[in-house]
Amino acid sequence: MSKLAILPALLNSLRDAIIIVDSEHVIVFVNQSAIGLLGYQRTLLVGAVFEDAVQLQVNGERVSKDTSPITKAQKKHGIYISDSEPDLKLSMGRNDRSLVPVQISVVPDEDLNSYNVIFHDGSADEKIDQAKNEFVALVSHQLRTPVNIISWYIEKLLTEKKGTLNEKQREYLREIEISNKRVVDLVQAIVNVSRTDLSRLKHKHEEVDFANVLEKVLVSVQELSHQKSITFDKVIDKGDYLLNDSDQELSSIVLKSILINAIRYTPKGGKVTVNASTVTEGQKLSEDQNIIASVKGVLVSIEDNGIGIPDEEKIRIFTKLYRATNVQTLDVTGVGLGLYIAQNFMSILGGRIWFTSDLREGSIFYIYYPCVQIGIL
Ligand code: ADP
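Note that the structure is a prediction, hence the values are computed from the model and not measured.

**A closer look at the site of the ligand**
What surrounds the ligand is a group of 21 residues, the closest being N261, R264, Y265, R323 and L339. Between an oxygen atom of the ligand and a main-chain N or O atom of A324, the distance comes to 2.9 Å. Taking G336, its main chain carries an N or O atom lying 3.0 Å from an oxygen atom of the ligand. Contact with the protein chains covers 98% of the free accessible surface of the ligand, which is 540 Å². Only α10 (248–264), α12 (338–349) and β17 (362–370) provide two or more residues apiece to the shell around the ligand. Of all the elements, α10 adds the most residues to the shell around the ligand, at three residues. Residues of the shell around the ligand, tallied by class, amount to 12 nonpolar, six polar and three charged.

**Some words on the packing of helix α7 (residues 167–197) against α12**
As a packed pair, α7 and α12 sit with axes 10 Å apart at the nearest point and diverge in direction by 45°. When the axes of α7 and α12 are compared, the pair comes out oblique. As for how α7 packs across α12, the hand of that crossing is left-handed. Contact with α7, carried on its side by A189, N192, V193, T196 and D197, involves Y340, I341, N344, F345 and I348 of α12 and no other residues of that element. Its residues assigned to classes, the contact of α7 with α12 comprises six nonpolar, three polar and one charged.

**A short note on the nonpolar core**
If you look at the biggest cluster of nonpolar residues, it comprises 44 residues, and the most contacted ones within it are F210, L255, V300, I302, I367 and Y369. Mapped onto this core, the elements with two or more residues apiece are α7, α8 (210–220), α10, β12 (271–279), β15 (297–304), α12, β16 (352–358) and β17. Formed by 30 residues, the second largest nonpolar core is a distinct cluster that contains Y40, L88, I104 and Y115.

**Observations regarding the pairing of β12**
As defined by bridge partners, strand β10 (residues 231–236) adjoins β12 across six bridges and the pair is classed as parallel. Within β12, the position partnered with K234 by the bridge is V274. Two strands pair when backbone bridges link them, and β12 and β15 are joined in this way by eight bridges, in the antiparallel orientation. Pairing of S277 across the sheet is with L299, part of β15.

**Topic: the domain arrangement of the chain**
Domain parsing of the chain yields domain 1 (3–121), domain 2 (126–197) and domain 3 (206–370). Computed from C-alpha atoms alone, the centre-to-centre distance between domain 2 and domain 3 is 25 Å. Each partner contributes to the interface: domain 2 provides nine residues, whereas domain 3 provides 11 residues. Of the roughly 770 Å² buried between domain 2 and domain 3 on both sides combined, carbon and sulfur atoms contribute 68%. On the domain 2 side of the interface with domain 3, the three residues burying the most area are N192, V193 and T196, jointly 48% of the side's total. Between the two partners, domain 2 and domain 3, sit two salt bridges. In this structure, R195 engages E249 in a salt bridge whose closest nitrogen and oxygen atoms are separated by 3.6 Å.

**A word on the pattern of salt bridges**
Scanning the model with the defined rule gives 16 salt bridges in all. Here K72 ties to E85 by a salt bridge, and the two come within 3.1 Å at their closest N and O atoms. Remark: E85 occurs in the loop between β5 (80–81) and β6 (90–93) and K72 occurs in helix α5 (residues 69–76); sequence separation between them is 13 residues. According to the relative accessible area criterion, K72 is partly exposed, its value standing at 27%. Taking relative accessible area as the criterion, E85 reaches 29% and is therefore assigned partly exposed. Across the salt bridge formed by K271 and D233, the nearest N and O atoms sit 3.5 Å from each other. Of the two residues, K271 is situated in strand β12 and D233 in strand β10; the sequence distance between them amounts to 38 residues. Each of R195, K204, D247 and E249 takes part in one network of salt bridges that share partners.

**A word on the sheet that holds β15**
Spatially, β10-β12-β15-β17-β16 is the arrangement adopted by the five strands of the open sheet, whose pairing is mixed. Each of the sheet's edge strands pairs with one partner strand only, and the pair in question is β10 and β16. In this sheet, neighbouring strand axes are inclined to one another by 15° on average, regardless of whether the strands run parallel or antiparallel. Across the face of the sheet, α8 comes into contact with β10, β12, β15 and β17 while running at roughly 175° to β10. Packing against the sheet, α10 makes contact with β10, β12, β15, β16 and β17, and its axis sits at approximately 175° to β17.

Criteria and cut-off values
Residues numbered from 1 in each chain as written. Predicted model: local features only at pLDDT ≥ 70, side-chain atom pairs only at ≥ 80, totals over all residues. Heavy atoms only, no water. Near = heavy atom within 4 Å. Polar contact = N/O pair within 3.5 Å; in protein donor to acceptor, adjacent residues only side chain to side chain. Areas by Shrake-Rupley, 256 points an atom, 1.4 Å probe, with all protein chains shown as cover. Helix = DSSP H or I, 4+ residues; strand = E, 2+ residues; numbered from the N terminus. Nonpolar A, V, L, I, M, F, W, Y, C, P; charged D, E, K, R; others polar. Axes fitted to C-alpha atoms, helices over the stretch in contact; angles between N-to-C directions. Parallel < 35°, antiparallel > 145°, perpendicular 65-115°, else oblique. Left-handed = near helix turned anticlockwise from the far one by under 90°. Contact = heavy atoms within 4.5 Å. Core = buried A, V, L, I, M, F, W, Y, C linked by side-chain atoms within 4.5 Å. Buried < 20%, exposed > 50% of the residue type's maximum accessible area, 1.4 Å probe, protein only. Pairing = 2+ DSSP bridges. Domains from an automatic or database assignment. Buried area = accessible area lost by both parts, 1.4 Å probe. Salt bridge = Lys/Arg side-chain N within 4 Å of Asp/Glu carboxyl O.

In structure tokens, the structure reads:
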């Protein structure tokens, strides 16, 4: 008995949609879940060419035989998984004209010279993600008010206007203040993440005096650098730092979080140097990463001689909640949200953020703020 003859019962019992095609992409089998997902009759599918019968789209464009996941598996002589291409968004047109986000795996069967195309319906995942993001947004917004009230009362008590504190009381209050500051920072980071994940961030499109932003942010991290005896140098070139179409809050948050990282991940007594200069349209901003300014703007670099980032982890450093292995044993608080937020904010501003780093030598983070928001070449 052929393999295909004994498989249908098994394949029909699976929740994932499976379509089997021959080497010419002609459909030879469709399981029950695939019929349910596509909404087409089995008779319309079996015998038809996959790319003609299945209305698959990649990043909004109809898939042809050339761009088909089956062709990718054929070229690879192995399994193709659409998840391996994170920028690729696959969706499938159903009979009722609705579009369903899907992930696809194509598994070749050498014995039968056929290809098993397995679909995973992503719409349920999207709904769960949306519900999760809504929940996180709600909770973090609700937390913001009480933690800010706690900060306010701690500050009031520490001024001793309502009564003198003894040494122990002052010490305890300072401890509460430090811990509460961590909660305030964490809640703010979660608020920022949910604002970006839910696309609820409003770009203010306002005029920003970036020299002023720089000055304020540098002052705000001064205490932290003193605590760690970090030498702080700044070299700010002369020029016009006015950004015509930007957002003061977003640009400050990015700068501050990169500066705090430089201080955090540099051992006591280390050095952090901030450089700022204006750039012109078309100027090459990075030789090795081929980054060119699409419009005039400001380039800030923040250099530290800290612990650096391991080469094999560089690719994951902007990912949500990612912390490199060399920081996990340090006594440094952090949750891995700062760079994720920074990259999202820079993309909203039409700018860019990137870095170079050598393990145990230090890192340089670069931020390009465009004068107007038209993106990068
Ligand atoms: P957090 O600092 O809260 O862990 P971030 O998203 O800001 O989160 O940074 C992610 C990770 O990137 C850090 O945990 C650390 O491993 C690495 N990193 C960021 N900045 C630096 C730096 N200047 N030097 C070394 N590692 C850094």
